[in-house]
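A closer look at the structure
Here is what each chain is made of, one letter per residue.
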Amino acid sequence: MGQAVELSVIAPVFNEAGGVVALAREICAALEGRSFEVIFVDDASGDETRALLTGLRRDLPQLRLVGHRRNAGQSRAIRSGILAARAPLIATLDGDGQNDPADIPRLLQRFLRADAPHALAMVAGQRTKRADPQIKRLTSRVANGVRRAILGDGAADSACGLRVMRRDAFLQLPYFDHMHRYLPALLRRDGWAIEFCEVNHRSRQHGQSKYDTLGRLRASVRDLLGVMWLVSRARDPIGIDEL
Ligand SMILES: Nc1nc2c(ncn2[C@@H]2O[C@H](COP(=O)(O)OP(=O)(O)O)[C@@H](O)[C@H]2O)c(=O)[nH]1
Ligand SMILES: [Mg+2]
């Protein structure tokens, strides 16, 4: 692909054969007329996900496929996609169809607006009406409240999978499993500005969630302590000048 790409859309997938083809087509339709690429990162799925995406490339020239040889988790998949990306600007969304591709142009417009703050690194989606089971909505609301109170990241929904951000800003962040849930706090730690934007959320039509409540809770206690430490150990030079 010779022409410079302005936006790279990254979708991590693990066993999402049921909806992945429709989602890829939907993303391309939502961004028609723009210069973009779509990178699905298959994390060693055991179902038809990879074969279906490989076959789809004939139809969708913007589609690229990156594969992990061993399952390494959603955060690592997002990182692998962003490392492979050709554009300076990234959009991410979940690969199960719960994030609406039609929201991407709006987040992009917000990010690229003329009066955007110079240090803006991310416009993050906020799911105001989550299409998830009640227990998940409840535990997520409590977890978001605790995290926001402790980290002061101002995020009502830090783990929303839909966001537009600078590739360089993301790649400067420390990688750890589940870091994709802490991007507001980690980007603020590096002195970047972030903004939030309400986005749609859809119920899962195919497959099942890869996370259970207990597993998510265990990881979040451990990770919250880790991010608290990272934030407490950061120092801000407030500006770097070549002298
Ligand atoms: N690459 C990769 N993607 C994953 C993994 N686990 C979940 N995902 C993807 O991350 C997205 C969100 O996961 P999901 O299970 O729907 O989480 P939920 O919406 O919070 O229940 C989906 O696109 C999944 O396919 C994983 O281990 N590796
Ligand atoms: Mg989901």
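Just so you know, the residues in each chain are numbered from 1, in the order the chain's sequence is written. Here the convention is simple: chains get letters from A, ligands get numbers from 1, in the order in which they are written. The model is predicted, so local features are restricted to residues of pLDDT at least 70 and side-chain atom pairs to those at 80 or more, both for listing and for counting; the totals for chains, interfaces and linings are taken over all residues. Side-chain figures throughout are based on the complete set of non-hydrogen atoms in the structure, without hydrogens or water.

Regarding the site of ligand 1
Here, proximity means that at least one heavy atom of the residue falls within 4 Å of the molecule or strand. As a matter of local geometry, ligand 1 sits amid 19 residues, with D43, G95, K136, S209 and K210 nearest to it. Nitrogen and oxygen atoms within 3.5 Å of one another constitute a polar contact, given that in protein one can donate a hydrogen and the other can accept it, and given that sequence-neighbouring residues count only through two side-chain atoms. Separating an oxygen atom of ligand 1 from a backbone N or O atom of G95 is a distance of 2.6 Å. One nitrogen or oxygen atom from the main chain of K210 is found 2.6 Å from an oxygen atom belonging to ligand 1. For accessible areas, the Shrake-Rupley method is used with a probe of radius 1.4 Å. Any residue's cover is judged against the shown protein chains and nothing else. Here ligand 1 loses 95% of its free accessible area of 560 Å² to cover by the protein chains. For the shell around ligand 1, the elements supplying multiple residues, two or more each, are β1 (7-13) and α3 (74-84). Here the residues of the shell around ligand 1 are counted per class, giving five nonpolar, six polar and eight charged. Secondary structure elements are taken from DSSP: a helix is a run of H or I of four residues or more, a strand is a run of E of two residues or more, and numbering for both begins at the N terminus. Each residue gets one label: Ala, Val, Leu, Ile, Met, Phe, Trp, Tyr, Cys and Pro are nonpolar, Asp, Glu, Lys and Arg are charged, and the others, such as Gly, are polar.

Digging into unusual backbone geometry
Of note, the phi angle at A44 is positive, near 60°, even though the residue is not glycine. Mapped onto the elements, A44 comes out in the loop between β2 (36-42) and α2 (49-56). When accessible area is computed with a 1.4 Å probe and restricted to protein chains, residues below 20% of their type maximum are described as buried, those above 50% as exposed, and intermediate ones as partly exposed. Taking the relative accessible area as the measure of exposure, A44 reaches 25% and is therefore partly exposed. A positive phi angle is found at I238, which is not glycine, with a value near 50°. Tracing the chain through its elements places I238 in the segment after α8 (213-232).

Regarding the nonpolar core
Here, nonpolar core means buried Ala, Val, Leu, Ile, Met, Phe, Trp, Tyr and Cys residues that are tied together by side-chain atoms lying within 4.5 Å of each other. Residues L7, V9, I27, V38 and F40 are the most contacted members of the largest nonpolar core, which totals 31 residues. Residue assignment for this core shows that the elements contributing at least two residues are β1, α1 (20-30), β2, α2, β4 (89-92), α4 (104-112), β5 (120-127) and β7 (193-199). Ranked by size, the runner-up nonpolar core spans 29 residues in total, among them V41, F176, A185 and V227.

A look at a nonpolar patch on the surface
Here, patches come from residues exposed beyond 30% relative accessible area and free of salt bridges, joined within 9 Å for like charges and within 5 Å for nonpolar side chains (Val, Leu, Ile, Met, Phe, Trp, Tyr). Note on definitions: salt bridges are taken to be side-chain nitrogens of Lys or Arg within 4 Å of carboxyl oxygens of Asp or Glu. A cluster of nonpolar side chains, namely L138, V142, V146, I150, L214, L217, V221, L225 and M228, defines an oily patch on the protein surface of about 820 Å² accessible area. Looking at the nonpolar patch, the elements with two or more residues in it are α5 (134-151) and α8. Top element by residues in the nonpolar patch is α8. It accounts for five residues. When its relative accessible area of 43% is taken as the criterion, I150 is described as partly exposed.

What about the packing of α5 against α8?
In this analysis, axes come from line fits to C-alpha atoms, helices being fitted only over the stretch in contact, and the angle between any two N-to-C directions falls in the range 0 to 180 degrees. Two elements in contact, α5 and α8, have axes whose closest approach is 11 Å; the angle formed by their N-to-C orientations is 10°. When the interaxial angle is binned, α5 and α8 end up roughly parallel. Contacts between α5 and α8 involve I135, K136, T139, V146, R147, I150 and L151 from the first element and T213, R216, L224, V227 and M228 from the second. Class assignment for the residues of the contact of α5 with α8 results in seven nonpolar, two polar and three charged. By the definition adopted for this analysis, an angle is roughly parallel if under 35 degrees, roughly antiparallel if over 145, roughly perpendicular if from 65 to 115, and oblique otherwise. By the convention used here, residues are in contact when the closest approach between their heavy atoms is within 4.5 Å.

Side note on α3
Of all eleven residues that make up α3, eight are buried, and the element is covered over most of its length. Of the residues making up α3, those classed as buried are Q74, S75, A77, I78, R79, S80, G81 and I82. Each element contacted by the buried residues of α3 is listed here: β1, β2, β4, β6 (163-166) and α6 (167-171).

A look at the pairing of β5
With eight of eight residues buried, β5 is to be regarded as a mostly interior element. Strands are labelled as partners when DSSP assigns at least two bridges between them. Bridging between β5 and β7 involves seven bridges; their strand directions are parallel. Residue pairing for β7: V123 is matched across the bridge by E195. Where β5 and β6 come together, three bridges link them in antiparallel fashion. Opposite M122, over in β6, you have M165 as the bridge partner.

Notes on the sheet that holds β4
The strand order across the open sheet built from seven strands is β3-β2-β1-β4-β6-β5-β7, with neighbouring strands paired in mixed fashion. Strands at the two margins of the open sheet, each flanked by one partner only, are β3 (63-67) and β7. This sheet shows a mean twist of 25° between the axes of neighbouring strands, independent of strand direction. This element, α4, spans β1, β4, β5, β6 and β7 of the sheet and lies at about 150° to β7.

Some thoughts on the pattern of salt bridges
Summed over all chains, the structure comprises 18 salt bridges. With its nearest N and O atoms 2.8 Å apart, the salt bridge here joins E26 to R202. Here E26, found in helix α1, pairs with R202, found in the loop between β7 and α8; they are 176 residues apart in sequence, far enough to count as distant. Relative accessible area serves as the criterion here: at 31%, E26 is assigned to the partly exposed category.

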